[in-house]
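# Descriptive structure summary
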Amino acid sequence: MSRRMQAAAAARQAVCCRGLPHRIQPAAGYWQLPTQGKSRAVPAGTHKNIPAGISSARILEHFWKISLDSSLIPKTKAHFSLSKDMESNVYTAGKHVEKLDADASGLANTVESLLNLRFTQDQVKQLLDLNPRIAVQVPVKDLPVLYVLESLDLNPRSTFKVLERCPELLEEKEHQLQSRIDNLRKHGLGEGRLQRVVVLCPHILNLPAKQVNNTVRFFKDKCIFTGQQVTEILQTSPNVLFEKCEELEYKFQFAYFRMGIKQAEIVKSGIFRVSMEELRQRHIFLERLGRYQTPDKKGQTQIINPKPKAIFTTTEDYFLAKVAMSSCEEFDTFKKLLRREEMEKELGNQEDRGTSAEQSDSEEDEELSDIEDEELSLVK
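A brief report on the enclosed structure follows. (Residues numbered from 1 in each chain as written. Predicted model: local features only at pLDDT ≥ 70, side-chain atom pairs only at ≥ 80, totals over all residues. Heavy atoms only, no water.)

### Let's talk about the pattern of salt bridges
In a structure, side chains of opposite charge can pair up when their charged atoms sit close to one another. Quick note on the threshold: The rule for a salt bridge is simple: a side-chain nitrogen of Lys or Arg has to be within 4 Å of a carboxyl oxygen of Asp or Glu. The cut-offs for exposure are 20% and 50% of the maximum accessible area for each residue type, with area from a 1.4 Å probe on protein chains only; residues under the lower value are buried, those over the upper are exposed, and the others partly exposed.
What the rule picks out here adds up to 13 salt bridges. Between Glu191 and Arg185 there is a salt bridge, with its nearest N and O atoms 3.2 Å apart. The class of Glu191 is exposed, set by a relative accessible area of 53%. A relative accessible area of 30% means that Arg185 is categorised as partly exposed. The shortest N-O distance in the salt bridge between Arg280 and Glu342 comes to 2.2 Å.

This is the structure we're talking about:
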C-alpha cells in the first residue's frame, strides 16, 4: 500500500472508530484539556501506520473524499465528507501552513480531539470550514479558545455557537482571552452573567481591556451611573462596548434631558440596544400623538407616560398596537416626513453657516480697507 493510501486510511479510521464496539479506549485524561505546566501524552501506537513527512495538504485532499466503510459500522450511513468548497478551503489552508510536510497524524488527532470534546461530526465539519487552518493543527494546543470556553462551563453546543458567530476567536491566544475575561469579571460580570454575555455577544472577547475600561469609565463619569448600573448595562447591552462614547453620550442626553428619564429607568429602558434614529422616531411620534410628555422640573406630567421599556424594547407591531395605538401606514408616513424635516433643517443650517461666513469675510474686508486708508493718510 502506498504512503498516500495508508495516510488516507488512518485519517478515515480517526473518524469512524468512535462507532466501533471494539474501540480501544485511551488512557485516562488523554483527551482532557491541558493544564498549566502539563503536556498531553500521546499513547504509543496511535496512528502508527501514518508515515511522517507526508504533505498535510495532500492528506486533507484525500481525507474529505473518503466515506466510511459500511462494513465497519453496521446499520449506519454516516459519512464524514465535506463539500467541494470546504475541501478547497481546507486544502488551501494546508498549503499555507508553515510546516507543509508536518506529520499527517496531526489531521487525525485534530478530528479525534474535537469529537472527544463532545462536538458532533457536523459541528467538526463546520468548525473546519470556519477556520480550515485548524485541520493541520492540534486543537487542544493551538486552539486555546476551546480550553477557555470550557473553563466557563459552556457546553459544546454553546461553544460551537460562540465560534460560529465569532470565528476570529480561533486565532486568539490563551493569555489574551483569559486576561479579557478577568477584566470583565472585575466589572461585575461574574458567573452566570459572563456566560450569557459571551454567548449573546462573542465578539466581546476580541475587545482589548482598555476599550472596555474606557466605556465603563465614561458611563460612571459622564452619565453618573453606579457600578451596579454599569454592570447591568454591560449584561443587557454589550453592544455599547463597540460604540463611540460620543454616540452613547448623545443617546443618554436625549433620554435624560429630552425625555426626562432618570438613570435607573435608562438602565432598564434598553435605549442602548436601539439606534439613535429609532430612538428619536418612536419618541417624537408618541409626542406628536399626545401620548408622551416631557416631565417638568418637578418630574410631573399632565398625562401618564408609557414605560420607557415598552417604547424601546418591543417590536414595531407591539409598539404601534399597544403603546402608540396607531397604524403602520401612519408611522411610515411620519418617518418620511421626519426625515424630510431633518434634511431641510440641515440645509438651513448650512445656509446660515454660509451667510455668517460671508458676513465675516465682508467685515474683514472693511477692516482692511479702513487700515489702508489710515496708512495712506499718514503717508500724506
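Past the structure itself, the notes keep going.
### Considerations on empty space enclosed by the protein
Inclusion rule: Residues are said to line a cavity or pocket when one of their atoms sits within 4 Å of a point; the points come from a 1 Å grid over protein atoms alone, cavities being sets where a 1.4 Å probe fits but cannot get out and pockets being open sets with protein on both sides within 12 Å along at least five of seven lines. Grid points are joined across faces, edges and corners, and a volume is the space filled by probe spheres set on the points. Under the scheme applied here, ten amino acids are nonpolar (Ala, Val, Leu, Ile, Met, Phe, Trp, Tyr, Cys and Pro), four are charged (Asp, Glu, Lys and Arg), and all others, including Gly, are polar.
Following the criterion strictly, the structure yields one cavity of 30 Å³ or more and no others. Quantified by volume, the largest cavity comes out at close to 90 Å³. For the largest cavity, the lining is made up of 10 residues, of which Leu117, Phe119, Leu146, Glu150 and Thr159 are closest to its centre. Of the residues in the lining of the largest cavity, the class split is six nonpolar, two polar and two charged.

### With respect to the side chain of Gln195
Let me state the cut-off plainly: Strands are runs of DSSP state E lasting at least two residues, helices are runs of H or I lasting at least four, and both sets are numbered from the N terminus onward. In protein, a polar contact requires one atom able to donate a hydrogen and another able to accept it; more generally it is a pair of N or O atoms within 3.5 Å, and residues adjacent in sequence count only if both atoms are side-chain atoms. Any two residues having at least one pair of non-hydrogen atoms within 4.5 Å are treated as being in contact.
Along the chain, the position of Gln195 falls in helix H10 (residues 193-200). Residue Gln195 is classed as buried on the basis of its relative accessible area of 12%. Within the local environment of Gln195, its side chain forms a polar contact with the backbone oxygen of Leu152, the two atoms lying 2.9 Å apart. Sequence-distant contacts of Gln195, that is, excluding residues within four places in its chain, are made with Leu152, Leu154 and Gly190.

### Comments concerning helix H13 (residues 245-258)
Keep this limit in mind: Helix span is expected to be 1.5 Å times the residue number reduced by one.
An ideal rise of 1.5 Å per residue puts 20 Å on 14 residues; H13 measures up with 19 Å between its terminal C-alpha atoms. Among the structural elements, helix H11 (209-221), helix H14 (263-269) and helix H15 (276-289) are those in contact with the buried residues of H13.

Note that all results are geometric; they support no functional claim without further evidence.
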